[in-house]
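Descriptive structure summary
The chain contents come next:
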Amino acid sequence: MEELIARIRKDGKALNSDVLMVDSFLNHLVDPMLMKKIGDEFASHFAKCGITRVATIESSGIAPAVMAALALNVPLLIMKKASSSILSDDVCLTTQVHSFTKNTDYMLMCKRQFLTPGENVLFIDDFLANGEAGFGAARLIEEAGCHVAGIGIVIEKSFQDGAKKLEKAGYEVYSLAKIAKLDNGVIEFA
Ligand code: 5GP
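So, here is what we can say about the structure in this document. (Residues numbered from 1 in each chain as written. Predicted model: local features only at pLDDT ≥ 70, side-chain atom pairs only at ≥ 80, totals over all residues. Heavy atoms only, no water.)

**Some thoughts on the sheet that holds strand S5 (residues 92–98)**
Strand order in this open sheet of eight strands is S5-S6-S4-S3-S7-S8-S9-S10, and the pairing throughout is mixed. Edge positions in the sheet fall to S5 and strand S10 (186–189), since each of these pairs with one other strand and no more. Between one strand and the next, the sheet's axes are offset by a mean angle of 30°, whatever the strand orientation. Two elements, strand S9 (residues 173–183) and S10, share four bridges in a ladder whose sense is antiparallel. (Pairing = 2+ DSSP bridges. Helix = DSSP H or I, 4+ residues; strand = E, 2+ residues; numbered from the N terminus. Axes fitted to C-alpha atoms, helices over the stretch in contact; angles between N-to-C directions.)

Right, dumping it as structure tokens:
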């Protein structure tokens, strides 16, 4: 998506060879017009997939995901990072996920009542690195008896292997910007 790539070139900051900061338009200060175009792009790509629900993980995925849900006219499910692992199995679905940015594990959870069996779910996230968040979300969706119809990513770091692993596992990954290399101050697109 040309406009997104231009914005990353203008405002993105490569902190080191692994991490890209885009907090001036995507996940801290948010540009709603850009989010609207991102949501429309996901909705148009997955238009024929019969999506009944969009899902994301709090909090960085919410802005693009809510716009995609709006464009597809379906609800958005926000999967929560639970502070406690003492969550009732009857009420909640949970799975452990490794956080790329914090290098710690967290429990990802959602209430069973919001992911009823048979939903066709589009998972959306701001970044794809090693695929831990994507696989975690897919585990919850499938454990609920639902289908992962696709994975929409705003920024894929193609030099990490998340996309390859998710595709190998059979998921369709659609990324709006693909980064081939990061270095201190340098952003190279794939
Ligand atoms: P993964 O689970 O694919 O390894 O990493 C994806 C998650 O880590 C995303 O939900 C995102 O919040 C975070 N993340 C991964 N790489 C970056 C990055 O370069 N910049 C930022 N801001 N977040 C990232």
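**Focus: helix H2 (residues 32–45)**
Compared with the 20 Å implied by 1.5 Å per residue over 14 residues, the 20 Å span of H2 between its first and last C-alpha is a close match. Along H2, the residues classified as buried are Leu34, Met35, Ile38, Gly39, Phe42 and Ala43. Summarising the contacts, the buried residues of H2 are in contact with helix H1 (2–11), helix H3 (62–72), strand S7 (120–128), strand S8 (147–157) and S9. N-capping of H2 is provided by aspartate 31, with a side-chain oxygen placed 3.0 Å from the backbone N of methionine 33. (Expected span 1.5 Å × (residues − 1). Buried < 20%, exposed > 50% of the residue type's maximum accessible area, 1.4 Å probe, protein only. Contact = heavy atoms within 4.5 Å. Polar contact = N/O pair within 3.5 Å; in protein donor to acceptor, adjacent residues only side chain to side chain.)

**Section: H3**
Listed in full, the buried residues belonging to H3 are Ala63, Pro64, Ala65, Met67, Ala68, Ala69 and Leu72. Lining the buried residues of H3 we find H2, strand S3 (53–57), strand S4 (76–82), S7 and S8.

**Things to note about the nonpolar core**
Counting 36 residues, the largest nonpolar core has Leu4, Ile8, Leu20, Val54 and Ile155 as the members making the most contacts within it. Of all elements in the fold, only H1, H2, H3, S7, S8, S9 and S10 reach the threshold of two or more residues within this core. In terms of residues, this core owes the most to one element, H3, which gives six residues. With sequence-adjacent residues up to four places away left out, leucine 4 is seen in contact with Phe25, Leu34, Ile38, Val154, Leu176 and Ala177. Met79, Leu115, Leu128 and Ala144 belong to the second-largest nonpolar core, a separate cluster that totals 26 residues. (Core = buried A, V, L, I, M, F, W, Y, C linked by side-chain atoms within 4.5 Å.)

Everything listed here is a matter of geometry and, on its own, says nothing about what the molecule does.
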